[in-house]
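What the coordinates show
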Amino acid sequence: MFRKTLAAALPLALALSAVARDGAASNYPPSYDYCGPTATAHTGPFELIQDPVRTDAARLTVAYRGYLRAYYPDHEINLYVRLNGSDAFLPASAGAHGDAYVLVSNAPRDCAWCSPPPDDAGQRLCGGAPLPPASSGTWVCNEPTAVEEDLFFWAYDSYGRMNAWDIEVAAESHGLWDSNLGANYAARFEARSSCF
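Here's what I pulled together on the structure shown here. Predicted, not measured: the structure shown is a model, and the values here were computed from it. (Residues numbered from 1 in each chain as written. Predicted model: local features only at pLDDT ≥ 70, side-chain atom pairs only at ≥ 80, totals over all residues. Heavy atoms only, no water.)

As a further point, take the packing of aromatic side chains. Tallied over the full model, the rule gives nine aromatic pairs. The interplanar angle of 45 degrees and the centroid separation of 5.0 Å between the aromatic rings of F46 and Y64 together place this pair among those described as tilted. Here F46 is found in strand β2 (residues 46–54), whereas its partner Y64 is found in strand β3 (residues 57–64), with 18 residues between them in sequence. Each member of the pair F46 and Y64 is classed as buried. (Phe/Tyr/Trp six-rings, centres within 6.5 Å; stacked < 30°, edge-to-face > 60°. Helix = DSSP H or I, 4+ residues; strand = E, 2+ residues; numbered from the N terminus. Buried < 20%, exposed > 50% of the residue type's maximum accessible area, 1.4 Å probe, protein only.)

Another point: the pattern of salt bridges. Under the defined criterion, the tally for this structure stands at nine salt bridges. Across the salt bridge formed by D166 and R188, the nearest N and O atoms sit 2.7 Å from each other. Here D166, found in strand β12 (residues 165–173), pairs with R188, found in strand β14 (residues 185–189); they are 22 residues apart in sequence, far enough to count as distant. Of the residues examined, D166 reaches a relative accessible area of 38% and is grouped as partly exposed. Across the pair R188 and E190 runs a salt bridge, and its minimum N-O distance is 3.0 Å. The network of salt bridges with common partners includes E47, R65 and D99. (Salt bridge = Lys/Arg side-chain N within 4 Å of Asp/Glu carboxyl O.)

So, about the sheet that holds β2. An order of β1-β2-β3-β7-β6 is seen for the five strands of this open sheet, with the pairing classed as antiparallel. What marks the edges here is a single partner per strand, and that holds for β1 (39–43) and β6 (93–94). Alignment of β1 against β2, held across five bridges, turns out to be antiparallel. The residue bridging A41 from the neighbouring strand is L48, located in β2. (Pairing = 2+ DSSP bridges.)

With that settled, the discussion passes to the pairing of strand β7 (residues 100–105). Every regular strand shows the same layout, with side chains that alternate between the two sheet faces. Sheet topology note: the β3/β7 ladder contains six bridges and is antiparallel. Its bridge partner being in β7, A63 is matched across the sheet by Y101. Note that β6 and β7 share two bridges and pair antiparallel. Bridging from a neighbouring strand, S93 pairs with Y101 of β7. The hairpin formed by β6 and β7 contains five residues between the paired strands, and G98 there has a positive phi angle of roughly 65 degrees.

Everything listed is a geometric property; what it means functionally is a separate question.
Dropping the structure here:
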């Protein structure tokens, strides 16, 4: 009796485990942040926030709360960011926490699901690319800009693992600088080998 029950239960258990595996699949957008935690560093009037999105991609927020904000609106402030030797001069935006900030990332962002109806030829296009015949759609995302790709060039090794990040920052507006007397403000994030 026990053998018959076990023999009957085994196919059912295998079928349920297959359903559980199939049900575990997801269709999260490529921009979905499944890594963590964020790391924060403060240097002079700057707050730097490193937010790993995936093991091979992250966002970097540079928030500025220095004296230039007393003289100029946030959108007239530019932030100089140097990450492991690659640098960029970026226009700031007004932040929600009393700061001027920039957000840069080497990850896709602003993803939207694209599932258009078939055209007259029965072909479906998303972002200019045809979808496979049985596909219900695909994610269409904004990719990192050329400036962001250059800035993050040395942030990861050739295997996609995060290097330590040595960062220098400064702020400028209308020729006036907040740059630690020309030395730039500096901070470091240690290398990560995993998301957590």
